[in-house]
Amino acid sequence: MKAIEIRNKYLEFFKKYNHSVIPSAPLIPENDPSVLFNTAGMQPLVPYLLGEKHPAGTRLCDYQKCVRTNDIEEVGDNRHLTFFEMLGNWSLGDYFKDESIKMSYEFLTKELEIPAEKISVTCFAGDDDCPKDTESAEAWKKAGIPEERIYFYGKDDNWWIAGEEGPCGPDTEMFYDTGKPACGPDCQPSCDCGKYVEIWNNVFMEYFKDKNGYRKLKNKNVDTGLGLERMTMLLQGKETPFDTELFKPVMDKLEELQKVDSIESRRIIAEHLRSSMMITCDGGRPSNVDRGYILRRLIRRMIRHMNKIQIDLNELSTLIDINVETLKEMYPDLEKNKDVIKEVIIAEKNKFVKTLNHGEREFEKQIKKLEGTKIVPGKVVFRLYDRYERI
Ligand code: SER
């Protein structure tokens with residue numbers, strides 16, 4: 001199943017259960033200066049999770065573009081992405097645990113046809129702030145998950161909050177068993193070995209946390225998030241999102257263009273290019289601060305890896321064209337804004353090339369000055385790093 005089909009199936013399914021489809025918010029939050037990018041589907045909905053009335057009702061669903069950059073250094077492995085799409089459904093004081101779990105189970109097993117025996121779930125184990133979530137566990141049993149595939153974990157695994165303060169609550173997470181052998185007798189969904197992959201997270205948001213602790217929200221809400229790239233990869237039996245139709249065309253082109261073989265660099269280039277295009281498309285511009293700096297970092301890291309595997313930087317324009325073709329059905333704005341996207345990314349590339357050339361000249365100058373000594377002073381190293389390499 002292609003990513004767009006999964007997205008469409010999701011929206012249709014929740015429409016059938018009386019959810020209004022709301023539009024994806026831009027990546028750059030409109031009314032929330034506390035975050036640089038939308039990092040989750042719930043972000044644009046915070047006022048409504050806190051009790052404000054949403055014009056589209058109490059049952060909502062959408063697909064939301066998200067950027068998370070805390071794991072930027074991990075991109076290049078087989079799973080981390082900075083840009084991803086999150087499918088979400090919400091209850092704003094409407095249904096709660098029972099119905100939410102029933103719908104999730106039905107969507108996974110009936111619509112996506114995931115064999116029930118491949119699904120394990122986790123629930124909150126309880127602590128001083130909030131009791132054990134036996135209600136969710138019971139709902140899972142009723143839906144069809146046997147007790148031995150229901151696990152309980154503490155706040156580290158089964159509690160969700162965006163940042164330090166805000167609406168939050170216990171969550172129940174669904175895991176897909178890839179069929180890989182267990183890493184040991186204690187292998188569980190919380191394990192990092194790759195056997196279990198988290199596919200969906202239903203947060204039961206009935207608390208608000210601030211510096212004084214937890215208090216109950218006005219409503220009992222549900223906030224769910226399903227990562228589209230990951231689900232696409234699993235349903236297609238692929239090892240990484242880079243092997244799905246979302247990345248394949250650009251990955252193939254990179255393989256054709258590279259003169260030095262590195263799968264890690266190809267993934268970094270493909271991922272950072274897609275992310276930079278999406279951010280630029282939503283109005284982001286490279287700069288030295290905040291979100292502009294993140295965009296700059298993404299573009300420059302991509303360029304560094306293009307240099308590393310010796311891809312002519314003039315190919316950037318072709319790579320952008322390929323990505324627009326690949327993604328325009330899912331994100332039509334990419335095609336509309338293609339010229340601006342190209343202009344911004346290529347201008348940043350040119351700027352960076354200049355910086356790198358300066359850096360190289362400066363490096364050679366410094367090395368010449370040091371002739372006869374074996375030690376490069378820390379001051380010189382720091383200056384070179386700070387001015388030219390800190391990306
Ligand atoms: N907010 C939760 C998450 O990001 C569920 O949508 O996982």
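Structure shown above.
So, a few notes on the structure that sits alongside this text.

Rules and cut-offs
Residues numbered from 1 in each chain as written. Predicted model: local features only at pLDDT ≥ 70, side-chain atom pairs only at ≥ 80, totals over all residues. Heavy atoms only, no water. Helix = DSSP H or I, 4+ residues; strand = E, 2+ residues; numbered from the N terminus. Rg over C-alpha atoms; globule rule 2.2 N^0.38 Å. Buried < 20%, exposed > 50% of the residue type's maximum accessible area, 1.4 Å probe, protein only. Contact = heavy atoms within 4.5 Å. Lys, Arg positive; Asp, Glu negative; His and termini not counted. Charge placed at Lys NZ, Arg CZ, Asp CG, Glu CD. Pairing = 2+ DSSP bridges. Right-handed = clockwise from strand over helix to strand, strands pointing away. Polar contact = N/O pair within 3.5 Å; in protein donor to acceptor, adjacent residues only side chain to side chain. Phe/Tyr/Trp six-rings, centres within 6.5 Å; stacked < 30°, edge-to-face > 60°. Lys NZ or Arg CZ within 6 Å of the ring centre and 35° of its normal. Near = heavy atom within 4 Å. Areas by Shrake-Rupley, 256 points an atom, 1.4 Å probe, with all protein chains shown as cover. Axes fitted to C-alpha atoms, helices over the stretch in contact; angles between N-to-C directions. Left-handed = near helix turned anticlockwise from the far one by under 90°. Nonpolar A, V, L, I, M, F, W, Y, C, P; charged D, E, K, R; others polar. Core = buried A, V, L, I, M, F, W, Y, C linked by side-chain atoms within 4.5 Å. Patch = residues over 30% accessible without salt bridge, like charges linked within 9 Å, V, L, I, M, F, W, Y side chains within 5 Å. Salt bridge = Lys/Arg side-chain N within 4 Å of Asp/Glu carboxyl O.

## Observations concerning the overall build of the chain
Okay, so step 1: Within the chain, the regular secondary structure consists of 13 helices and nine strands.
Okay, so step 2: Taken over the C-alpha trace, the chain has a radius of gyration of 23 Å; the compact-globule value for 391 residues is 21 Å, and the two agree within 12%.
Okay, so step 3: Evaluated residue by residue, the chain yields a buried proportion of 50% over its 391 residues.
Okay, so step 4: A separation threshold of at least 6 residues defines the contact pool for the chain, and within that pool the share at least 24 residues apart is 71%.
Okay, so step 5: When the 59 basic and 67 acidic side-chain charges of the chain are each reduced to a single mean position, those positions are 5 Å apart.

## Notes on the environment of Glu255
Okay, so step 1: One can find Glu255 in helix H7 (residues 248-257).
Okay, so step 2: Judged by relative accessible area, which is 44%, Glu255 ranks as partly exposed.
Okay, so step 3: Along the chain, Glu255 and Arg266 lie eleven residues apart, while their C-alpha atoms are 7.4 Å from each other.

## Quick look at the pairing of strand E5 (residues 150-153)
Okay, so step 1: Sheet topology note: the strand E4 (residues 119-124)/E5 ladder contains four bridges and is parallel. Across the sheet, Phe124 pairs through a bridge with Tyr153, a residue of E5.
Okay, so step 2: One crossover worth recording links E4 to the parallel E5 by way of helix H4 (residues 134-143), and it is right-handed.

## Concerning the side chain of Thr244
Okay, so step 1: Mapping Thr244 onto the fold places it in the loop between helix H6 (228-235) and H7.
Okay, so step 2: You can call Thr244 buried: its relative accessible area is 0%.
Okay, so step 3: A distance of 2.7 Å separates the side chain of Thr244 from the backbone oxygen of Pro241, its partner in a polar contact.
Okay, so step 4: Once you skip the residues sitting within four places of it in the chain, Thr244 turns out to touch Thr232, Met233, Gln236 and Lys238.

## Thoughts on the packing of aromatic side chains
Okay, so step 1: Scanning all chains against the criterion turns up 17 aromatic pairs.
Okay, so step 2: Their ring planes at 40 degrees and their centres at 6.5 Å tell us that Phe14 and Phe107 sit as a pair that is tilted. Placement of the pair is Phe14 in helix H1 (residues 3-16) and Phe107 in helix H3 (residues 97-111), with a sequence separation of 93 residues. Pair check on accessibility: Phe14 and Phe107 agree, each one buried.
Okay, so step 3: Connected via pairs of aromatic rings, a cluster forms that spans Tyr10, Phe13, Phe14, Tyr17, Phe107 and Trp200.
Okay, so step 4: Above the ring of Phe152, the side-chain terminus of Lys132 is found at 4.3 Å from the ring centroid.
Okay, so step 5: Positioned over the ring face of Tyr196 is Lys195, at 5.7 Å from the centre of the ring.

## A word on the site of the ligand
Okay, so step 1: The environment of the ligand is formed by Ala40, Met42, Arg68, Met86, Trp160, Asn201, Val203, Asp223, Thr224 and Gly225.
Okay, so step 2: Note that a nitrogen atom of the ligand is positioned 2.7 Å from one of the side-chain N or O atoms of Asp223.
Okay, so step 3: Within the backbone of Gly225, a nitrogen or oxygen atom sits 3.1 Å from an oxygen atom of the ligand.
Okay, so step 4: Starting from 230 Å² of accessible surface for the ligand in isolation, the protein chains cover 95%.

## Description of unusual backbone geometry
Okay, so step 1: Phi at Glu113 takes a positive value of approximately 55 degrees, unusual for a residue other than glycine.
Okay, so step 2: Along the chain, Glu113 turns up in the loop between H3 and E4.
Okay, so step 3: Positioned with a positive phi, Asp290 is a non-glycine residue whose angle comes to about 45 degrees.
Okay, so step 4: Within the secondary structure, Asp290 is located in helix H9 (residues 290-308).

## A short note on H6
Okay, so step 1: Across the eight residues of H6, six count as buried, placing the element largely inside the fold.
Okay, so step 2: Among the residues of H6, Leu228, Glu229, Met231, Thr232, Met233 and Leu234 are the ones counted as buried.
Okay, so step 3: Gly237 occupies a position one or two residues after H6 and carries a positive phi of about 65 degrees.

## Points about the packing of helix H10 (residues 316-327) against helix H12 (residues 338-369)
Okay, so step 1: In the contact formed by H10 and H12, the axes pass within 10 Å of each other and the chain directions differ by 145 degrees. Between H10 and H12 the crossing geometry is right-handed. Across from Leu316, Ser317, Ile320, Asp321 and Val324 in H10, the residues of H12 making contact are Lys338, Ile341, Lys342, Ile345, Ile346 and Lys349.
Okay, so step 2: Looking at the contact of H10 with H12 residue by residue, the class counts come to six nonpolar, one polar and four charged.

## Concerning the nonpolar core
Okay, so step 1: Core analysis: the biggest nonpolar cluster contains 82 residues, and Leu108, Trp140, Met302 and Met306 have the highest contact counts within it.
Okay, so step 2: Sequence-distant contacts of Trp140, that is, excluding residues within four places in its chain, are made with Ile101, Ser104, Tyr105, Val121, Cys123, Ile145, Ile150, Thr172 and Met174.

## A closer look at a nonpolar patch on the surface
Okay, so step 1: A cluster of nonpolar residues, Phe363, Ile367, Val376 and Val381, forms a patch on the protein surface that exposes about 320 Å² of accessible area.
Okay, so step 2: Turning to its location among the elements, Ile367 is positioned in helix H12.

## Quick look at the pattern of salt bridges
Okay, so step 1: As enumerated under the stated definition, the model contains 29 salt bridges in all.
Okay, so step 2: Note that Lys155 and Asp127 form a salt bridge whose closest N and O atoms lie 2.6 Å from each other. A residue pair is termed long-range when its members are at least 10 positions apart, and Lys155 in helix H5 (residues 155-158) and Asp127 in the loop between E4 and H4 qualify at 28 residues.
Okay, so step 3: Here Asp127 falls in the partly exposed class, since its relative accessible area comes to 32%.
Okay, so step 4: The residue Glu348 makes a salt bridge to Arg296 at a minimum N-O spacing of 2.8 Å. Taken together, the residues Glu348 in helix H12 and Arg296 in helix H9 connect sequence positions 52 residues apart. The two residues Glu348 and Arg296 agree in class, both being buried.
Okay, so step 5: One network of salt bridges, with partners in common, ties together Arg59, Asp94 and Glu99.

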